[in-house]
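Okay, here's what each chain looks like letter by letter:
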Amino acid sequence: MRSRFSAYAIGNSQYIYDTYANSSQAAQSVSEIEQWGKACIWLALEIHETHGNTSDNDISAEQFVEFSAYYISDNTLCELRENSRFILEPARVDDHNQVQQWRYIDGEISQHCELSTVKRKDLCPCNYYPTAWSAKKGKKFKQCCGQ
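Criteria and thresholds
- Residues numbered from 1 in each chain as written.
- Predicted model: local features only at pLDDT ≥ 70, side-chain atom pairs only at ≥ 80, totals over all residues.
- Heavy atoms only, no water.
- Buried < 20%, exposed > 50% of the residue type's maximum accessible area, 1.4 Å probe, protein only.
- Helix = DSSP H or I, 4+ residues; strand = E, 2+ residues; numbered from the N terminus.
- Arc of directions from axis to C-beta.
- Phe/Tyr/Trp six-rings, centres within 6.5 Å; stacked < 30°, edge-to-face > 60°.
- Lys NZ or Arg CZ within 6 Å of the ring centre and 35° of its normal.
- Core = buried A, V, L, I, M, F, W, Y, C linked by side-chain atoms within 4.5 Å.
- Contact = heavy atoms within 4.5 Å.
- Salt bridge = Lys/Arg side-chain N within 4 Å of Asp/Glu carboxyl O.

Peer 1: It is not clear to me how helix α1 (residues 2–10) should be interpreted in this structure. Could you clarify?
Peer 2: Buried within α1 are the following residues: Arg 4, Phe 5, Ala 7 and Tyr 8. All buried residues of α1 fall inside an arc of 155° around its axis, so they share one side. Relative to its buried face, α1 has exposed residues pointing more than 90 degrees away, namely Arg 2 and Ile 10.

Next up, the structure:
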């Protein structure tokens, strides 16, 4: 989950597409992912809980990650809270070893809300999140994430 959030934050839409489960990739496009990612300033990720049943022998086992992603869109600070479903899938074969990777299947959004309007002279919201992507302590929004 953290690598997918980081990919959104830096605009790596190909990586996001590549980390969708094989069963989910047909419903996605790199250009749509890129449009959604560019429409937002991704600030922080908070993992609330992980759960699921997995074993070394069961590559079809699912894992769940409940998280909140904080972002700014149109000068509005938003929170997206989701319970995502992941599956362990073969990623590639490397020197006769099968490499597996956790891939995103889908998610159930439990909350998607606007937290506040961000004004240019306000303290940048990234200062309020310890996991912020690019915290610049004490900077105003216009000098930080709002550039």
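Peer 1: Before we go on, may I ask you to explain the packing of aromatic side chains in this structure?
Peer 2: What describes a pair of aromatic rings is the distance from one ring centre to the other and the angle between the planes of the rings. Per the stated rule, a full pass over the model turns up 7 aromatic pairs. Residues Tyr 20 and Tyr 104 carry aromatic rings whose centres are separated by 5.3 Å and whose planes lie at 80° to one another, so their mutual orientation is edge-to-face. Residue Tyr 20 is located in the loop between α2 (13–18) and α3 (22–25), and its partner Tyr 104 is located in strand β4 (residues 97–117); the two are separated by 84 residues in the primary sequence. For the pair formed by Tyr 20 and Tyr 104, the shared burial category is buried. Measuring from ring centre to ring centre gives 5.7 Å for Phe 86 and Tyr 104, while their planes differ by 75°; the resulting arrangement is edge-to-face. One end of the pair, Phe 86, is in strand β3 (residues 76–94); the other, Tyr 104, is in strand β4, with 18 residues separating them in the sequence. An aromatic cluster is present here, built from Phe 5, Tyr 8, Trp 36, Trp 42 and Tyr 71 joined pairwise through their rings. The ring of Tyr 104 carries the charged tip of Arg 4 above its face, separated from the ring centre by 4.4 Å.

Peer 1: When you look at the nonpolar core in this model, what are you seeing that I'm missing?
Peer 2: The nonpolar side chains of a soluble globular protein tend to be buried with one another. Counting residues in each nonpolar core, the largest one holds 17 residues, and the members touching the most others are Ile 16, Trp 42 and Tyr 71. For this core, the secondary structure elements donating two or more residues are α1, β1 (41–52), β2 (62–73) and β3. Here the element with the most residues in this core is β2; it accounts for 4 residues. For Ile 16, the residues in contact, after removing those within four places along its chain, are Arg 4, Ala 7, Tyr 8 and Ile 33. In terms of nonpolar packing, the next biggest core, distinct from the first, is built from 12 residues, Leu 43, Ile 72, Cys 124 and Cys 144 among them.

Peer 1: Help me understand the pattern of salt bridges in this model?
Peer 2: When their charged atoms lie close together, side chains carrying opposite charge are able to pair. Counting across every chain of the model gives 5 salt bridges. Here Glu 34 makes a salt bridge to Lys 38, at a shortest N to O gap of 3.1 Å. Of the two residues, Glu 34 and Lys 38 are both situated in helix α4 (residues 30–38); the distance of 4 residues between them amounts to about one turn of the helix. The exposure class of Lys 38 is exposed, given its relative accessible area of 66%. For Glu 62, the salt bridge is made with Arg 85, and the minimal N-O distance between the two is 2.9 Å. Taken as a pair, Glu 62 in strand β2 and Arg 85 in strand β3 lie far apart in primary sequence, 23 residues in all. Overall, Arg 85 belongs to the partly exposed group, its relative accessible area being 23%. Each of the salt bridges in this network shares a partner with another, and the network as a whole consists of Glu 62, Arg 85 and Asp 106.

Peer 1: Looking at this structure, I do not really get unusual backbone geometry. What am I missing?
Peer 2: When glycine is set aside, most residues are seen to have a negative phi, and most peptide bonds are trans. A positive phi angle is found at Asp 74, which is not glycine, with a value near 50°. Structurally, Asp 74 is set in the loop between β2 and β3. Take Asp 74: its relative accessible area is 74%, and that puts it in the exposed class. Positive phi is not limited to glycine here, since Asn 75 has a value of about 60°. Note that Asn 75 resides in the loop between β2 and β3.

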